[in-house]
Amino acid sequence: MSVNAHHWWQEAVIYQVYPRSFQDSNGDGVGDLPGLIRRLDYLRRLGVDAIWLSPVYRSPQEDNGYDISDYQDIDPMFGSLADMDRLIAEARLRGIRIIMDLVLNHTSDRHRWFQEALKGRDNPYHDFYIWRDGQPGQPPNDMRACFGGSAWQWVPQLQQYYFHQFAVAQPDLNWDNPAVREALYDMIRWWMKRGVGGFRLDVIDQIAKDPDLGITNNGPRLHELIREMNQATFGNGDYVTVGETWGATPQIARLFSQPDGSEFSMVFQFEHIGLDQKPGGQKWDLAPLDLVRLKQVLSGWQRQLYGCGWNSLFWNNHDLPRIVSRWGSDKPAYREVSAKMLATLLYGFQGTPYIYQGEELGMTNAYLSLEDCRDIESLNLYRERLEEGYAPADILRSIQARGRDNARTPMQWDDSPQAGFSSGEPWIKVNPNYSYINAAAQVDDPDSVFCYYQKLINLRKQETTLIDGSYTLLAESDPDLFMYVREWDSEQILTVVNFHAQERPQFLPEHWKQANCLIHNYPGPVGETLRPFEAFMLKHW
Ligand code: GLC
């Protein structure tokens, strides 16, 4: 077996913690850093190498921390800088690195820079943001913000509009101003000195926007700016960096993740995530998933980044509904097998897998009522669509299928009140299925979803083919089966999944019938008929 030199993050599995919903330690109903520290042994047991921590900086929490008012402090709700240092140190003792979430496209309107900017056009911080002169009620153009409404907000005392791609309270930073970039790079270097292992860069392909031309993602100077940031900061060390890029195609992702390390380690690409929405619509406009299309898209990413870029592998994050409810089945009969099927499919690919908290337990969507929803995006959507004449039941159906709160209900630790998340009243309702879907019930059960993830993580440490192997899709037009082969030296690993709940005759090529089974989501051998959501990996050499 030939040896390929790897970066640590190419062999790593990364776990995303959404801190406000992970573990509360002081009974205020919000997760915090001391709570997370208490759960590090759980994460070590799972086998992950790094934690991507969603924002814990000081923030008014209009968008759950993605609206930052001080990048160099921890919000008291989550703890203190001393807790953060302790987290970094305690994680390191367990071989786990901490990845910070950098929100560089915008700040909170409470950030000192914006407060200064509001003081006058001559204030040195005014040019940290994007302003246009105008008249009240006549925004510079009709650009819309991602959370609804106009992307322009009128400020009477300045007689100007500022630009915001997200909430009104999240003004966009002006990356054309070198002083903005220097201030951000300083802050990044400050976190590097504190000993973090890398960064996830929030909506990073939106920093080079041109609001006059209506450009949001992939602005003309984007890659130039990223290279500059790379050289000024994380390019000088062994960090993992992952950009959130809703606008990336495989061609663009090749630039972002080129092996010379001049931009990022990898990006989060979302092409697969949009496959179950109506063409031309938004994520709220539900449509069934076509497996053949999913195969084309995921295979395209595998092929087009092979040897010249690097993929991230994910089904979930804090912005997406739970995958088992979305593309598996959360009915009791199939929840576990389908959660394992989806994991098998993902862990056979080339790239760095990401687990979103609770995914390793097969946690499901929460299907909250409107009163229980907390997310600004869903609440704004409800208001907007109601005005546009949508039926309330239809809007709620969309929110229950796609709303971000589905992923944000508390982590289900055990079957005690509030799922062991908090001794107080959680900021968002616990999913009532915690009584049987919880960590305590799974960690010692070899057949659990948790132990299946543990096995998959181990496999990625043992099988070089999973890290380096080439990719070949089989049965391209089969509407139920997703099958592909990875190949490295003379070794092959075949991943087969039945993506649906119907039984299916299987048609393994002859030479695979003698192969070793690496992992299988049903007991016993692979038979002539594939059972609902059956999945396995075979190895041949
Ligand atoms: C990213 C984050 C999301 C946030 C948005 C604005 O998409 O993942 O949670 O609302 O950026 O910062």
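Up top is the structure these notes are about.
In this report, we go over the structure that sits alongside the text. Predicted, not measured: the structure shown is a model, and the values here were computed from it. The residue count restarts for each chain, going from 1 along the sequence in the order it is written. Per-residue local features are limited, in this predicted model, to residues with pLDDT of at least 70; the limit for side-chain atom pairs, both in listing and counting, is 80 or more; totals at the level of whole chains, interfaces and linings are taken over all residues. With hydrogens and water set aside, each side-chain value is computed from the structure's full complement of heavy atoms.

## Brief notes about the overall build of the protein
Step number 1: The helix count covers DSSP runs of H or I at least four residues long, the strand count covers runs of E at least two residues long, and both are numbered beginning at the N terminus. The helix and strand tally for the protein stands at 15 helices and 20 strands.
Step number 2: This radius of gyration counts C-alpha atoms alone. The globule rule is 2.2 Å times how many residues there are, raised to the power 0.38. Against the 2.2 N^0.38 benchmark of 24 Å for 541 residues, the protein shows a C-alpha radius of gyration of 23 Å, consistent with a compact globule.
Step number 3: For the protein, the C-alpha atoms occupy an extent of roughly 75 × 50 × 45 Å along the three principal directions.
Step number 4: Working definition: with a 1.4 Å probe on protein chains only, accessible area under 20% of the residue-type maximum means buried, over 50% means exposed, and in between means partly exposed. Buried positions account for 61% of the 541 residues belonging to the protein.

## Here's the deal with the site of the ligand
Step number 1: Taken together, 13 residues lie around the ligand, and Asp 63, Asp 202, Glu 244, His 318 and Asp 319 are the ones closest in.
Step number 2: For the ligand, an oxygen atom lies 2.5 Å from a polar atom in the side chain of Asp 63.
Step number 3: Between Asp 319 and the ligand, the recorded distance is 2.5 Å, taken from a side-chain N or O atom to an oxygen atom.
Step number 4: Computed with a 1.4 Å probe, the accessible areas rest on the Shrake-Rupley method; for each residue, only the protein chains presented here act as cover. Its free accessible area being 310 Å², the ligand has 97% of it covered by the protein chains.
Step number 5: Judged by its atoms lying within 2 Å of the grid points, the ligand is housed in the largest pocket.
Step number 6: Of the residues contributing to the shell around the ligand, the split by class is 4 nonpolar, 2 polar and 7 charged. Any residue with a non-hydrogen atom lying within 4 Å of a molecule or strand is treated as near it. Counting of polar contacts relies on pairs of N or O atoms within 3.5 Å, with two restrictions inside protein: one atom must be capable of donating a hydrogen and the other of accepting it, and residues adjacent in sequence are counted only when both atoms are side-chain atoms. Points on a 1 Å grid over protein atoms alone make up a cavity when a 1.4 Å probe fits among them but cannot get out, and a pocket when they form an open set with protein on both sides within 12 Å along at least five of seven lines; lining residues each have an atom within 4 Å of a point. A molecule is said to be in a cavity or pocket once over half of its atoms fall within 2 Å of that pocket's grid points. Lys, Arg, Asp and Glu make up the charged group, whereas Ala, Val, Leu, Ile, Met, Phe, Trp, Tyr, Cys and Pro make up the nonpolar group; the residues left over, Gly among them, are polar.

## With respect to the packing of helix H5 (residues 178–193) against helix H6 (residues 222–232)
Step number 1: Lines are fitted to the C-alpha atoms to define the axes, a helix being fitted only along its stretch in contact, and any angle between axes, read from their N-to-C directions, falls within 0 to 180 degrees. As a packed pair, H5 and H6 sit with axes 10 Å apart at the nearest point and diverge in direction by 40°. As far as their axial angle goes, H6 and H5 are oblique. Regarding H5 and H6, the two cross each other, and that crossing is right-handed. Contacts between H5 and H6 involve Arg 181, Tyr 185, Ile 188 and Arg 189 from the former and Leu 225, Glu 228, Met 229 and Ala 232 from the latter. Put simply, angles under 35 degrees are roughly parallel, angles over 145 are roughly antiparallel, angles from 65 to 115 are roughly perpendicular, and the rest are oblique. In this scheme, a crossing is called left-handed if the near helix is turned counterclockwise away from the far one by less than a right angle; it is called right-handed if the turn is clockwise. Should any heavy atoms of two residues lie within 4.5 Å, those residues are considered in contact.

## Side note on the layout of surface pockets
Step number 1: Grid points are joined across faces, edges and corners, and a volume is the space filled by probe spheres set on the points. Its boundaries defined by the atoms lining it, the largest pocket holds a volume of some 1,100 Å³.
Step number 2: Along the walls of the largest pocket sit 44 residues, with Cys 146, Phe 147, Phe 166, Lys 283 and Glu 377 positioned nearest its centre.
Step number 3: Within the lining of the largest pocket, the residues separate by chemical class into 16 nonpolar, 14 polar and 14 charged.
Step number 4: In this structure, the second largest pocket occupies an estimated 480 Å³ of space.
Step number 5: Along the walls of the second largest pocket sit 28 residues, with His 7, Trp 9, Gln 10, Gln 258 and Pro 259 positioned nearest its centre.
Step number 6: Residue composition of the lining of the second largest pocket, by class: 10 nonpolar, 15 polar and 3 charged.

## Comments concerning the packing of helix H11 (residues 376–387) against helix H12 (residues 392–402)
Step number 1: Two numbers describe how H11 lies on H12: the axes approach to 10 Å, and their chain directions differ by 155°. Considering their axes alone, H11 and H12 lie roughly antiparallel with respect to each other. Handedness of the crossing formed by H11 with H12: right-handed. Where H11 abuts H12, its residues Ser 378, Leu 381, Tyr 382, Arg 385 and Leu 386 lie against Pro 392, Ile 395 and Ile 399.
Step number 2: Of the residues assigned to the contact of H11 with H12, the class counts are 6 nonpolar, 1 polar and 1 charged.

## Overview of the side chain of His 106
Step number 1: As for its placement among the helices and strands, His 106 is situated in the loop between strand S5 (97–102) and helix H4 (112–117).
Step number 2: The exposure class of His 106 is buried, given its relative accessible area of 1%.
Step number 3: Of the polar contacts made by the side chain of His 106, one reaches the backbone oxygen of Tyr 66; its length is 3.2 Å.
Step number 4: Of note is the side chain of His 106, whose polar atom sits 3.0 Å from the side chain of Asn 105.
Step number 5: Leave out the neighbours within four places in its chain, and His 106 touches Tyr 66, Tyr 71, Phe 166, Gln 170, Pro 171, Asp 172, Leu 173, Asp 202 and Val 203.

## Overview of helix H3 (residues 81–93)
Step number 1: The span one expects for a helix is its residue count, reduced by one, times 1.5 Å. Over its 13 residues, H3 runs 18 Å from end to end, which matches the ideal 18 Å to within 8%, given 1.5 Å per residue.
Step number 2: Where H3 is concerned, the buried positions are Asp 83, Met 84, Leu 87, Ile 88 and Ala 91. Taken down its axis, H3 places every buried residue within 140° of arc, on the same side. Exposed positions of H3 whose direction lies more than 90 degrees from the buried face are Ala 82, Arg 92 and Leu 93.
Step number 3: The first or second residue beyond H3 is Gly 95, which carries a positive phi of 75°. Directions are taken from the helix axis to each C-beta atom, and the arc is the one they span.

Scope: geometric values only; no functional claims are made or implied.
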